[in-house]
Amino acid sequence: MFKSPYKPIPARLEKVMQETDTIKTFVLRPEEKFAFATGQFIELSLPGIGEAPFTPSSSPYKTETIDVTVMRTGFLTEKLHSLKGGEMLGIRGPYGNGYPVEKYYGKEVLILGGGVGMAPLRSFLLTLLAQKEKFKKIILCYGTKTPEDVVYKHLFPEWSKIKELEILRSVDKCPVGVWNETVGLVTCLLDKVKVNLDNSVAIVCGPPIMMKFGTRKLLDIGYKPENIYLSMEANMSCGLGKCGHCQLGHHFICKDGPVFTWEQLKTIPDPFA
Amino acid sequence: MVKDMSLYYINKNNWQEFIKALLKSFTAYGLTAQGEHLSWKNISEDDIPNIVTGRYRATKPVKGFLFPAKEEVTSEPDAKKLLIIGAKACDLCHLPTTDAIFLKGVVCDPYYETKRKNTVIISSDCDAYRPSCFCTLMEGKPFPAAGFDLNLTTLENGYLVETGTAAGEELIKLQNSLFEKPSDAQLSAREKMRKEMIEKVKKNNAEFSWENPRAIVGATVASPLWEEDIAKTCVECDACRFVCGTCYCFLLAETARNWEKIRTWDSCQSEGYGRVAGGANPRKTKGERLRNLYQCKLVWRPENFGLYACTGCGRCIEVCQGKIDIRKSIQKLGKK
């Protein structure tokens, strides 16, 4: 039977969880078997309304349902946020390369996340934690604007109990007394971590401005360009390297990425524009 | 008939018979003249005597037959047999770009593939040119070297027909008696015409001295000229993108019918093309967008596919309301 690569498979919206004022996590149950590797993305469609790319925030080992964490920021996400659960949505994919997790075996993995950029990083972190003995060290540096903007608030207490995982968090600003961790931009957390640069990789995901300065800081610390992994999600549309929307230089982010090393991007003028 | 010959001669009467027979099994498009412009027409038997075989390229490229401006992309593709008569060398040179995008990569696009497989192309040599023609600046020639099933060279009373594929050869075999072995005089007439035509197109572009546009555009990414000069008169109408034979960008959209999607051509020159939800836009200005376009055609596609995604057809020059001429732009950028 003919199956168009552009036709989504149905997925029921099982549950909606409020993360922050503007961010919700949507739990989807695909009606067909659907597997992804961490860091790959899906196209999520609201039939008759539109389609947009999201990187699942759930563990790839959990296959019956997929979580996507979405910030309300445009036409489609506004509609998505109005859903209560039970609705039938569409998904296509998975697309792109994902994180080369096996390459990180035996290394220290530094995760640098900002805001809703924690979504793909949660999936990545869960992938690491499922096989934590394979990594020398796992460090999560996570920054948000305010304490309210932290996503997965309920998970951090759990994660903080894991002895193989070191967590550092920052907020840009907050009233006195509500936050007993770091206050400042997420990049300042990097001054506090101790890493062996010869055996460490950094995984970065967040808003473009944070990616830009995060990369700069990692380079300053001494990370090699080939050891900095960046999630370059843009407005991927077809997911198949054809429609052109996500082109960045000669790369098609949807098929050559979305995960790139800084080595691959450093010659492109202003890749975080 | 000599077997395995790649060149034949057909006189004008027999040519009409040949096409008449093909109309039984193909939906055919040929060129009709409206003043100086040539446009594609779905032809019937009555049109055959009037279709233009020589001259220059049509106002629209061949791409649209394989990748229509608007197309439904969720149901099974329609396998209609299509015959295109009168494509030019620059049109054929567009197809390796759209082939590389749609036929290769992560998946083969079934909509493009179906049309491509079911399309037979009879191209023809240019025997005239438009002021915007510049194939000779883009490593091209005004007559096809590849990419056709059959190619025509217009002679006084008939055509020289060259076969380019087994499918083309097969069409000739089916109506073998209409074709003859070409004479030496006819063959040398073709050579002479072709040489003259190259010179004419070169003369048309005599004011342009640039070579290696990839190096020129690649080296001028930071030039203030993009903003201050080259893109200044752009009115953001997108016409240049919609007449381009290598532009493959499209917008996927939902229809009101659940689970059905359509795609429409999209243009990197419109402000919203690269914009993401929340408003961030990697290419906010006209200069950034036009530079991105030139890089796409002249730097990145050579890097990806080993070819220029510009064949010098000049359509973008002809339709531009802001009189932006890619030849002049490269000339300016190339000046030290």
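Residues numbered from 1 in each chain as written. Chains lettered and ligands numbered in written order. Predicted model: local features only at pLDDT ≥ 70, side-chain atom pairs only at ≥ 80, totals over all residues.

1. Quick look at the environment of Val150 of chain A
- Examined against the element boundaries, Val150 of chain A turns out to sit in the loop between β8 (137-144) and α3 (156-160).
- Measuring from C-alpha to C-alpha, the distance between Val150 of chain A and Leu46 of chain A comes to 27 Å, with 104 residues separating the pair along the chain. (Helix = DSSP H or I, 4+ residues; strand = E, 2+ residues; numbered from the N terminus.)

2. Observations regarding the interface of chain A and chain B
- Across the boundary between the two partners, chain A contributes 34 residues, which contact 29 residues of chain B.
- Those elements giving two or more residues to the side of chain A that touches chain B turn out to be β4 (50-54) and α1 (75-81) of chain A.
- Among the elements that line the side of chain A that touches chain B, the one with the most residues is β4 of chain A, at 3 residues.
- Each residue belonging to the side of chain A that touches chain B can be placed in one class, and the counts come to 15 nonpolar, 15 polar and 4 charged. (Contact = placed C-beta atoms within 7 Å. Nonpolar A, V, L, I, M, F, W, Y, C, P; charged D, E, K, R; others polar.)

3. Considering the domain arrangement of chain A
Residues and elements named next belong to chain A.
- By the assigned domains, chain A splits into domain 1 (9-95) and domain 2 (101-265).
- Inter-centroid distance (C-alpha atoms) of domain 1 to domain 2 is 21 Å.
- Sorting elements by how many residues they give to the side of domain 1 that touches domain 2 places strand β6 (residues 88-95) first, with 3 residues.
- A breakdown of the residues in the side of domain 1 that touches domain 2 according to their chemical character gives 8 nonpolar, 9 polar and 4 charged. (Domains from an automatic or database assignment.)

4. Things to note about the nonpolar core
- Formed by 108 residues in total, the largest nonpolar core has its most connected members in Ile111, Cys141, Ala202, Ile203, Val204 and Tyr229 of chain A.
- Apart from the residues within four sequence positions on either side, Cys141 of chain A is in contact with Leu110, Ile111, Leu112, Leu168, Val186, Leu189, Leu190 and Val193 of chain A.
- Core analysis: the second largest hydrophobic core is formed by 43 residues, Phe26, Tyr29, Leu83 and Cys133 of chain B among them. (Core = buried A, V, L, I, M, F, W, Y, C linked by C-beta atoms within 7 Å. Buried ≥ 20, exposed ≤ 12 C-beta atoms within 10 Å, placed from the backbone.)

5. What about unusual backbone geometry?
- Cis rather than trans, the peptide bond between Gly93 of chain A and Pro94 of chain A has omega equal to -5 degrees.
- Take Pro94 of chain A: it is sitting in strand β6.
- Omega for the bond connecting Gly257 of chain A with Pro258 of chain A falls within 30 degrees of zero, at 5 degrees, which places this linkage in the cis form.
- You can see Pro258 of chain A is positioned in the loop between α5 (253-256) and β15 (259-261).
- At Tyr152 of chain A, a residue that is not glycine, the phi angle is positive and equals roughly 55 degrees.
- Turning to its location among the elements, Tyr152 of chain A is positioned in the loop between β8 and α3.
- Of note in the backbone geometry, Glu236 of chain B takes a positive phi value of approximately 55 degrees without being a glycine.
- Along the chain, Glu236 of chain B falls in the loop between α8 (225-230) and α9 (239-242).

6. Let's talk about the domain arrangement of chain B
Residue and element names in this part refer to chain B.
- Here chain B is described as being made up of domain 1 (7-204) and domain 2 (213-334).
- Each of domain 1 and domain 2 has a C-alpha centre, and these two points are 27 Å apart.
- If you look at the interface, domain 1 gives 31 residues, while domain 2 gives 25 residues.
- The greatest single-element share of the side of domain 1 that touches domain 2, amounting to 10 residues, is contributed by helix α3 (residues 89-102).
- Taken together, the residues that form the side of domain 1 that touches domain 2 break down as 16 nonpolar, 6 polar and 9 charged.

7. Quick word on the environment of Gly50 of chain A
- In this fold, Gly50 of chain A is placed in strand β4.
- A residue is classified by how many C-beta atoms lie within 10 Å of it, and Gly50 of chain A, with 17 of them, is partly exposed.
- Along the chain, Gly50 of chain A and Pro147 of chain A lie 97 residues apart, while their C-alpha atoms are 32 Å from each other.
- With residues near it in sequence (within four places) discarded, Gly50 of chain A still touches Ser45, Phe75 and Leu76 of chain A together with Glu254 of chain B.

8. What about the environment of Ala69 of chain B?
All names here are of chain B.
- Secondary-structure assignment places Ala69 in the loop between α2 (63-66) and β4 (70-72).
- Along the primary structure Ala69 and Asp99 are separated by 30 residues, whereas in three dimensions their C-alpha atoms are 17 Å apart.
- Look past the residues within four positions of Ala69 in its chain and what remains in contact with it is Gly64, Thr264 and Trp265.

9. Observations concerning the pairing of strand β1 (residues 9-18) of chain A
- Relative to β6 of chain A, β1 of chain A is paired through 4 bridges, and the arrangement is antiparallel. Bridging across to β6 of chain A, Arg12 of chain A finds its partner in Met88 of chain A. (Pairing = 2+ DSSP bridges.)

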